[in-house]
Amino acid sequence: MAAAAFTPSSTGWDFKCDFEVDYGSEERASIVYKTLSVDKELQPDKVKREMAVSGSKLVVHFEAVEARFLRASFSALVDLMVLVTKLVEEYGETKEGSP
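Residues numbered from 1 in each chain as written. Predicted model: local features only at pLDDT ≥ 70, side-chain atom pairs only at ≥ 80, totals over all residues. Heavy atoms only, no water.

Structural notes on helix α1 (residues 26-37)
Taking 1.5 Å of rise per residue, the 12 residues of α1 would be expected to cover 16 Å, and the 16 Å separating its terminal C-alpha atoms lies within 8% of that figure. For α1, the set of buried residues is A29, S30, V32, L36 and S37. Within α1, the buried residues cover an arc of 165° as seen down the axis, which keeps them to one side. In this fold, the buried residues of α1 make contact with β2 (47-54), β3 (57-64) and α2 (67-91). (Helix = DSSP H or I, 4+ residues; strand = E, 2+ residues; numbered from the N terminus. Expected span 1.5 Å × (residues − 1). Buried < 20%, exposed > 50% of the residue type's maximum accessible area, 1.4 Å probe, protein only. Arc of directions from axis to C-beta. Contact = heavy atoms within 4.5 Å.)

This is the structure we're talking about:
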C-alpha cells in the first residue's frame, strides 16, 4: 500500500493559523499582548508567531513547517493567554497614579 506524499511549498511554511480575541478594551488587549510578547518561540526555525493589538483585539498569526509544531505552539500560547486573561479579569487594569 502506497502512502500519499506531501509536497511542501517553496517557502516551507505550509501550516498557518490566524485568530483574534476581543478583550473589550485596547488597554486590556495591550496588557495581554505585552505579557505574552516576552515569551519567544522555542524553535523559530520551525514556527513563526506574530502578534498585534488592533483596537480592543489581540490578533495572532502563526506559520509552521509541520502541523505538529503549529499545534504545540498554538496550544502553549492559548494556555498562557487563558492565564493572563484570568489575571486581568481578576485584578483589572491599573489606574494612572495607583500603586
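On we go from here.
Digging into the sheet that holds β3
Across a sheet, paired strands are connected by hydrogen bonds in the backbone, their directions being either parallel or antiparallel. If you walk across this open sheet you meet the 3 strands as β1-β3-β2, and the pairing is antiparallel. What marks the edges here is a single partner per strand, and that holds for β1 (15-22) and β2. Between one strand axis and the next, the sheet turns through 15° on average, direction left out of account. Of the pairings in the sheet, the one linking β1 to β3 comprises 8 bridges and is antiparallel in character. Within the sheet, the bridge partner assigned to K16 lies in β3 and is E63. In this fold α1 packs onto β2 and β3, with an angle of close to 155° to the strand it touches most, β2. Sheet strands touched by α2: β1, β2 and β3. Its angle to β1, the strand with the most contacts, is close to 15°. (Pairing = 2+ DSSP bridges. Axes fitted to C-alpha atoms, helices over the stretch in contact; angles between N-to-C directions.)

So, the packing of α1 against α2
The relative placement of two packed helices is expressed as an angle between their axes plus a distance between the axes. It is at 10 Å that the axes of α1 and α2 come closest, and there the two elements cross at 135°. In terms of orientation, α1 and α2 fall into the oblique class. Both α1 and α2 take part in a crossing whose hand is right-handed. Facing R28, I31, V32, T35 and L36 of α1, the residues of α2 in contact are L77, L80, M81, V84, T85, V88 and E89. (Parallel < 35°, antiparallel > 145°, perpendicular 65-115°, else oblique. Left-handed = near helix turned anticlockwise from the far one by under 90°.)

Section: the confidence of the model for the protein
Put simply, the protein has an average pLDDT of 86, and 82% of its residues get 70 or more. A low-confidence stretch, residues 1-8 (pLDDT under 50), is modelled with 3 contacts involving residues beyond four sequence positions or located in other chains. (pLDDT = per-residue confidence, 0-100.)

Examining the pattern of salt bridges
Taken as a whole and judged by the stated rule, the model has 4 salt bridges. The partner of E41 in a salt bridge is R49, and the shortest N-O contact between them spans 3.1 Å. D45 is the partner of K46 in a salt bridge, and the nearest nitrogen-oxygen pair spans 3.5 Å. (Salt bridge = Lys/Arg side-chain N within 4 Å of Asp/Glu carboxyl O.)

Focus on the environment of R49
Relative to the helices and strands, R49 is located in strand β2. As a C-alpha pair, R49 and H61 span 12 residues in sequence and 5.7 Å in three-dimensional space. Apart from the residues within four sequence positions on either side, R49 is in contact with L36, D39, K40, E41, V60, H61, F62 and L77.

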